[in-house]
Amino acid sequence: MTKPLAIVFYERLLPGSQVVNRLTDLGYRVSTTQSTLDILTLVRNAPPMLLVADLLLRSGDFTSIIRELKADPLTAHVPILGFCDPKNKSLADAAIKAGAALVTAEKGLLDQLPQLLEYVLAVD
């Protein structure tokens, strides 16, 4: 049986690489990118079970990418789990409004990842 695919986007090595390792430990195949230019192509060409993304970019934020993914019929179904600093409430709110399934604080993300995935992947 093929392991489910998770795509992880991050620019910061920590916690990005830790999320990749934790997903691998949980039985996922993981594909990573650190380029916002690659996200849309990657999600379209290798449809993942979910996308996990560090929402805070060096210049800007990830919300425009979330909107574009949710507007495309080929990628709209992919659940997005975002994470950021809990002090950045406006970024978390904007990501939810753009279509992220859940935004969580990066602190505690690794410990809570199984429960967060269960929530994000729940079918209504």
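The structure we're discussing is the one just above.
A. Looking closely at the pattern of salt bridges. Applying the stated rule across the entire model yields 4 salt bridges. For R44, the salt bridge goes to D72, with nearest N and O atoms at 2.6 Å. Taken together, the residues R44 in helix α2 (residues 36-45) and D72 in the loop between α3 (63-71) and β4 (80-84) connect sequence positions 28 residues apart. Exposure remark for D72: the relative accessible area of 14% places this residue in the buried category.

B. Layout of the packing of α3 against helix α4 (residues 89-98). Two numbers describe how α3 lies on α4: the axes approach to 8 Å, and their chain directions differ by 10°. As summarised for this structure, α3 and α4 are arranged roughly parallel, according to the angle between their axes. Listed contacts from α4 to T63, I66, R67 and K70 of α3 are L91, A94, A95 and A98. Taken together, the residues that form the contact of α3 with α4 break down as 5 nonpolar, 1 polar and 2 charged.

C. Spotlight on the environment of R22. With respect to the helices, strands and loops of the structure, R22 is situated in helix α1 (residues 13-25). Along the sequence, R22 and S64 sit 42 residues apart, while their C-alpha atoms lie 27 Å from each other. With residues up to four places along the chain from it excluded, the contact list for R22 reads L110, D111, L113 and P114.

D. Fine view of unusual backbone geometry. Across the junction of L14 and P15, the peptide omega takes the value 15°, indicating a cis bond. Assignment of secondary structure puts P15 in helix α1.

E. Just the pairing of strand β3 (residues 50-54), in detail. The element β3 is extensively covered by neighbouring structure, given that 5 of its 5 residues are classed as buried. Here 4 bridges tie strand β1 (residues 5-9) to β3, and the two strands are oriented parallel to one another. Of the residues in β3, the one forming a bridge with V8 is V52. With 4 bridges connecting them, β3 and β4 associate as parallel partners. Bridged to V52 within β4 is L81. Tracing the backbone out of β3, into α3 and back to the parallel element β4 gives a crossover that is right-handed.

F. Geometry of α3. Buried within α3 are the following residues: T63, I65, I66 and L69. Axial view of α3: buried residues confined to an arc of 155°, hence all on one face. On the buried face of α3, the contacting elements are α2, β3, β4 and α4.

G. Fine view of α1. Over its 13 residues, α1 extends 18 Å from the first C-alpha to the last, a length consistent with the 18 Å expected when each residue adds 1.5 Å. Within α1 the residues assigned to the buried category are P15, G16, S17, V19, V20 and L23. Elements in contact with the buried residues of α1: β1, β2 (29-33), β3, β4 and α5 (109-121). Just downstream of α1, G27 is the residue with a positive phi angle, here 95°.

Each value, and the rule that gives it
- Residues numbered from 1 in each chain as written.
- Predicted model: local features only at pLDDT ≥ 70, side-chain atom pairs only at ≥ 80, totals over all residues.
- Heavy atoms only, no water.
- Salt bridge = Lys/Arg side-chain N within 4 Å of Asp/Glu carboxyl O.
- Helix = DSSP H or I, 4+ residues; strand = E, 2+ residues; numbered from the N terminus.
- Buried < 20%, exposed > 50% of the residue type's maximum accessible area, 1.4 Å probe, protein only.
- Axes fitted to C-alpha atoms, helices over the stretch in contact; angles between N-to-C directions.
- Parallel < 35°, antiparallel > 145°, perpendicular 65-115°, else oblique.
- Contact = heavy atoms within 4.5 Å.
- Nonpolar A, V, L, I, M, F, W, Y, C, P; charged D, E, K, R; others polar.
- Pairing = 2+ DSSP bridges.
- Right-handed = clockwise from strand over helix to strand, strands pointing away.
- Arc of directions from axis to C-beta.
- Expected span 1.5 Å × (residues − 1).

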